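# A structural walkthrough
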Amino acid sequence: MSVCTAPGTVASGKGNRKSLQCRYHGWFYVLDGKLLNAPEFEGVRNWSPQEYCLRPVQVTEWGPFVFVNLDDGAPRLREMLGAIPAEVARAGFDIADMQPVERRDYLVDCNWKVYVDNYLEGYHIPIAHPGLFREIDYDQYRVDTFRYYSSQYAPIRPAPPSGPIPGRDRRYLRGDGEQQALYYWVFPNLMLNFYPDNMQINIIVPLDTERTLTIFEWCFKQPGSGEGWESMQQSIAFSDEVQREDMEICNTVQRNLHSRAYNQGRFSVKRENGVHHFQRLVAEYLTDK
Ligand SMILES: [Fe+2]
């Protein structure tokens with residue numbers, strides 16, 4: 001049986017290597033994980049290098065993404081993503097060519113589940129996001145849930161005769177007609193937003209019970225060029241505005257969860273089915289696995 005033998009780091013940062021060397025005792029591994037050389041191991045009894053290699057893990061690529069799962073028993077990525085890759089391909093979004101162009105990290109003073117709860121419902125938009133509320137058709141806003149993910153339908157209101165309001169998020173301005181954007185949340189902590197020439201990724205990283213790192217990344221097909229470039233800058237600015245409004249809400253919710261007056265809440269069937277779906281998955285993974 002193979003065992004993991006590298007308590008040190010075998011690679012870090014970006015780039016590519018032809019072999020992996022542990023930064024602790026200098027053991028060399030080839031890229032499939034086999035041990036190539038363990039320095040100064042002459043004379044060790046019952047020693048068989050073939051039995052010592054790096055532990056294999058699930059790795060799957062999709063477009064520019066590489067998904068790694070350390071749990072051998074976890075569902076395969078294809079099962080987790082369900083119809084998403086087919087829908088993205090059918091909609092004509094060419095994600096394989098996109099390159100990262102912008103990353104923003106936001107530290108939120110809340111539990112990661114509070115942030116995801118907030119992301120998965122539009123219920124708070126009329127109060128917490130007045131700018132966003134003006135742009136979308138709130139009556140039609142809905143969340144559709146699937147086994148391991150949900151999708152959001154957020155159509156925009158028709159632009160006024162004078163044209164769209166400058167600075168508004170292209171995420172919503174372009175969400176109509178044949179240029180319908182696609183918005184997904186994948187359990188437990190990944191959000192993917194697809195547009196014809198760019199996409200936005202949100203990764204939600206729990207730091208501890210009261211703090212969460214949210215990583216926003218934008219990928220673009222032709223950085224610095226094309227009609228979409230300027231509107232993508234507007235999109236980033238508007239996403240930043242919405243994110244700051246969400247952070248304020250999430251910080252407040254986290255603080256008030258500690259109130260002795262708070263016990264539990266109820267869900268709106270119409271507006272919070274996505275949150276209910278998420279919390280059912282969390283409960284399932286905390287109790288059944
Ligand atoms: Fe929000």
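As shown above, the structure is provided for reference.
The paragraphs below set out a description of the structure included in this document. (Residues numbered from 1 in each chain as written. Predicted model: local features only at pLDDT ≥ 70, side-chain atom pairs only at ≥ 80, totals over all residues.)

Quick look at the overall build of the chain now. On a plain count of helices and strands, the chain comes out with eight helices and 12 strands. Looking at the chain as a whole, 24% of its 289 residues qualify as buried. For the chain, the share of sequence-separated contacts (at least 6 apart) that also reach a separation of at least 24 residues comes to 54%. (Helix = DSSP H or I, 4+ residues; strand = E, 2+ residues; numbered from the N terminus. Buried ≥ 20, exposed ≤ 12 C-beta atoms within 10 Å, placed from the backbone. Contact = placed C-beta atoms within 7 Å.)

Once that is clear, we can look at helix α3 (residues 112-119). In terms of burial, α3 is largely enclosed, as six of its eight residues are buried. The set of residues buried in α3 consists of Trp112, Val114, Tyr115, Val116, Asp117 and Tyr119.

Attention now moves to the pairing of strand β4 (residues 58-62). Relative to strand β5 (residues 65-69), β4 runs antiparallel, the two being bridged by five bridges. Directly across from glutamine 58, in β5, lies its bridge partner asparagine 69. Between the antiparallel neighbours β4 and β5 lie two residues, among them glycine 63 with a positive phi of about 55 degrees. (Pairing = 2+ DSSP bridges.)

Moving on, we get to the sheet that holds strand β2 (residues 28-30). Judged by pairing direction, the sheet is antiparallel, and its three strands sit side by side in the order β1-β2-β3 without closing on themselves. With partners counted over all chains shown, the strands left at the sheet margins are β1 (19-21) and β3 (35-37), one partner each. Recorded for the sheet is a direction-independent mean angle of 35 degrees between the axes of neighbouring strands. As defined by bridge partners, β1 adjoins β2 across three bridges and the pair is classed as antiparallel. Within the sheet, the bridge partner assigned to glutamine 21 lies in β2 and is phenylalanine 28. (Axes fitted to C-alpha atoms, helices over the stretch in contact; angles between N-to-C directions.)

The values reported here are purely geometric and, on their own, carry no functional implication.
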